[in-house]
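Structure at a glance
Spelled out, the chains give:
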Amino acid sequence: SAKGGASKGDVNIASFAFMPAKISAMAGKALTFFNTDDTPHQITVAGGPSTQVFLRGQKASLTIDKAGEYNYICGLHPSMKGVIEVK
């Protein structure tokens with residue numbers, strides 16, 4: 001499955017927002033987050049995995065093994081929220 005340019009992730013972070021805010025993922029398949037902000041971010045899934053802190057132009061990935069709907073936030077900016085729907 002070809003993704004557009006190498007600089008993109010499954011979820012892009014821009015202006016303190018996750019885009020898209022809700023994404024579907026396959027269980028056991030890594031989701032990639034790409035940071036375009038000048039600020040570091042960190043993904044924390046409720047009841048699930050977390051990523052390292054990552055800077056502008058960097059990517060971070062995480063994998064969820066069980067189907068379900070997972071809410072996540074930025075561990076550094078808890079007002080940033082998103083949803084991962086794992087199938």
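Our structure is the block above this text.
Within every chain, residues take consecutive numbers counted from 1 along the sequence as written. Only residues with pLDDT of at least 70 get local features here, since the model is predicted, and only at 80 or more are side-chain atom pairs given and counted; chain-wide, interface and lining totals rely on the full set of residues. The side-chain values count all of the structure's non-hydrogen atoms but skip hydrogen atoms and water molecules.

Looking now at the side chain of threonine 32. Starting at the N terminus, helices and strands are each numbered in turn, a helix being any DSSP run of H or I of at least four residues and a strand any DSSP run of E of at least two. Tracing the sequence through the fold places threonine 32 in strand β4 (residues 31-35). Here a polar contact is taken to be a pair of N or O atoms separated by no more than 3.5 Å, where protein atoms must pair a possible hydrogen donor with a possible acceptor and residues adjacent in sequence count only if both atoms sit in side chains. Separated by 3.2 Å, the side chains of threonine 32 and serine 61 make a polar contact.

On to the environment of alanine 30. Relative to the helices and strands, alanine 30 is located in the loop between β3 (22-25) and β4. Think of it in three bands: with a 1.4 Å probe and only protein chains considered, a residue is buried below 20% of the maximum accessible area for its type, exposed above 50%, and partly exposed in between. Alanine 30 sits in the partly exposed class, given a relative accessible area of 38%. On a C-alpha basis, the gap between alanine 30 and asparagine 71 in space is 16 Å, while along the polypeptide they are 41 residues apart. Excluding residues within four positions of it along the chain, alanine 30 makes contact with Asp10, Ser61, Leu62 and Thr63. Note on definitions: a residue-residue contact is assigned when non-hydrogen atoms from the two residues lie within 4.5 Å.

With that settled, consider the nonpolar core. Generally speaking, a soluble globular protein has its nonpolar side chains buried in company with each other. Grouped together as the largest cluster of nonpolar side chains are 19 residues, with contacts concentrated most on Phe18, Phe33, Ile43, Val45, Tyr72 and Ile84. At the level of elements, β1 (11-14), β3, β4, β5 (43-45), β6 (59-62), β7 (68-74) and β8 (81-86) are the ones that each hand at least two residues to this core. Looking at this core element by element, the count peaks at 3 residues for β7. The set of buried Ala, Val, Leu, Ile, Met, Phe, Trp, Tyr and Cys residues whose side-chain atoms join them within 4.5 Å is what this entry labels a nonpolar core.

Turning our eyes to something else, we now look at unusual backbone geometry. Methionine 19 connects to proline 20 through a cis peptide bond whose omega is 0°. When you line up the elements, proline 20 lands in the loop between β2 (17-19) and β3. One non-glycine residue with positive phi stands out, namely serine 15, at about 50°. Topologically, serine 15 is positioned in the loop between β1 and β2. At phenylalanine 16, a position not held by glycine, the phi torsion is positive, near 60°. You can see phenylalanine 16 is positioned in the loop between β1 and β2.

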